[in-house]
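Single-letter residue listing:
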Amino acid sequence: MPLPNHAPVNLLGYSRDQLTELFGEWGEPRFRATQVAKWIHQGGVTEFDAMTNVSRKLRERLAREAEIRPPEVALEKTSDDGTVKWVLRLPDGNAIETVYIPDSGRGTLCVSSQVGCALDCTFCSTAQQGFNRNLTSAEIIGQVWLAMQRLPAPEGRPRAVTNVVMMGMGEPLANFDAVVPALQLMTDDNAYGLSRRRVTVSTSGLVPALDRLAGHTDVALALSLHAPNDELRDRLVPINRKYPIAPLIDACRRYVEATGSHSGVTVEYVLLAGVNDRPEHARELAALLRELPCKLNLIPFNPFPGAPFDRPSEADIERFERLLQKAGYVTTVRRTRGDDIDAACGQLVGQVEDRTNRGMRMIRLHAEIPGTERRAS
């Protein structure tokens, strides 16, 4: 793994295996990888001179050829409910979002994997901003590093972040080669040491990448489903036209079997008023998932400017939940957090920097989604 001659490499995104390979090429012993990983991820160190148990010769070479550079905080907002949201500025001027959600006994960090998203899901604020590029491993794990450094540990816990979900901006499996080393660092005892059950990758349905994933990690899996049939999902989640529901469910089942996940898959379902929240949709969903070990997470739609959807009424949300519970599914409703700081994915970065023609995209969506004409005005 030769380093580029023109710029230092950012070691923040190197897994321990990658560090071991690098130091082997330099003639250094394998244990140097563990030492450096601990300094970076557990010690929060960004200067090689501070790595006191690393030889001076190696520290000097690292200072010449490498760096430890986390993302820059462009904006930080804290909600009345304790949710913290950061807009992070990247070296090329792009911006991404990271959100920390505190809860009783745990703290969940929602991490981005791309600048924007190319999948164009019609209910997603990030998707309507378009896609710019993939994040590097350093930019992905840098969000975890930053949160660990900035958030004080709550009483009774050694650190604020106990769970990480790859549910921020972007489709993680569309950035497979950068996401996997970041996941490995999250679960590495010499880095962040999170349990595989406390790290979750969410996908909208990239079947080939999902089949590859089990060969690299065994973290928890979440499926962004949002519709109980192909006709509706084709409109809401366009990637479904390439990878329909049946092969997607089969791929999720293979992942559960390959990783030995006892908890199965978390199925995410955004509830859109009058679109996918009717009793017939709940019954169809219950039948669809019968052979997949799973639990359901219902997400009432969080409106954003120009969106062609409404949030369902509380009565409709509760009815949908009851029907699934009656069918035997563990079902929860994800309540909105950080409303006062635009904590829905993509909202805040869209205010800070929006380089896309969002208005035209919203006009197109109003025309394409049946039942949204009333909200177009």
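Residues numbered from 1 in each chain as written. Predicted model: local features only at pLDDT ≥ 70, side-chain atom pairs only at ≥ 80, totals over all residues. Heavy atoms only, no water.

**Some thoughts on the pattern of salt bridges**
Next up, step 1: Enumeration according to the criterion identifies 17 salt bridges in this entry.
Next up, step 2: The salt bridge involving Asp277 is made with Arg278; its shortest N-O contact spans 3.0 Å.
Next up, step 3: Look at Arg278 and you get partly exposed, because its relative accessible area is 24%.
Next up, step 4: For Arg278, the salt bridge is made with Asp316, and the minimal N-O distance between the two is 2.8 Å. Of this pair, Arg278 sits in the loop between strand S12 (265-271) and helix H9 (279-288) while Asp316 sits in helix H10 (residues 314-326); the two residues are 38 residues apart in sequence, bridging distant segments of the chain.
Next up, step 5: Judged by its relative accessible area of 18%, Asp316 is buried. (Salt bridge = Lys/Arg side-chain N within 4 Å of Asp/Glu carboxyl O. Buried < 20%, exposed > 50% of the residue type's maximum accessible area, 1.4 Å probe, protein only. Helix = DSSP H or I, 4+ residues; strand = E, 2+ residues; numbered from the N terminus.)

**With respect to the confidence of the model for the chain**
Next up, step 1: Across the chain, pLDDT averages 88, with 87% of residues at or above 70.
Next up, step 2: Residue range residues 355-377 is modelled with pLDDT below 50. Its contacts to residues more than four positions away, or to other chains, number 47 contacts. (pLDDT = per-residue confidence, 0-100. Contact = heavy atoms within 4.5 Å.)

**So, helix H5 (residues 176-187)**
Next up, step 1: Taking 1.5 Å of rise per residue, the twelve residues of H5 would be expected to cover 16 Å, and the 17 Å separating its terminal C-alpha atoms lies within 8% of that figure.
Next up, step 2: Burial within H5 is extensive, with nine of its twelve residues counted as buried.
Next up, step 3: When H5 is considered as a whole, its buried residues turn out to be Phe176, Ala178, Val179, Val180, Pro181, Ala182, Leu183, Leu185 and Met186.
Next up, step 4: Tucked into the core, H5 has its buried residues touching helix H1 (16-25), helix H2 (31-42), helix H4 (137-150), strand S9 (163-166), strand S10 (199-203) and helix H6 (207-213). (Expected span 1.5 Å × (residues − 1).)

**Some thoughts on the packing of H9 against H10**
Next up, step 1: Direction vectors running N to C along H9 and H10 enclose 30°, while the axes themselves pass 9 Å from each other. Taken together, H9 and H10 sit at an angle that is classed as roughly parallel. Where H9 crosses over H10, the two elements pack in a sense that is right-handed. Across the interface between the two elements, Pro279, His281, Ala282, Arg283, Leu285 and Ala286 from H9 touch Arg319, Phe320, Leu323 and Leu324 from H10.
Next up, step 2: Its residues assigned to classes, the contact of H9 with H10 shows seven nonpolar, one polar and two charged. (Axes fitted to C-alpha atoms, helices over the stretch in contact; angles between N-to-C directions. Parallel < 35°, antiparallel > 145°, perpendicular 65-115°, else oblique. Left-handed = near helix turned anticlockwise from the far one by under 90°. Nonpolar A, V, L, I, M, F, W, Y, C, P; charged D, E, K, R; others polar.)

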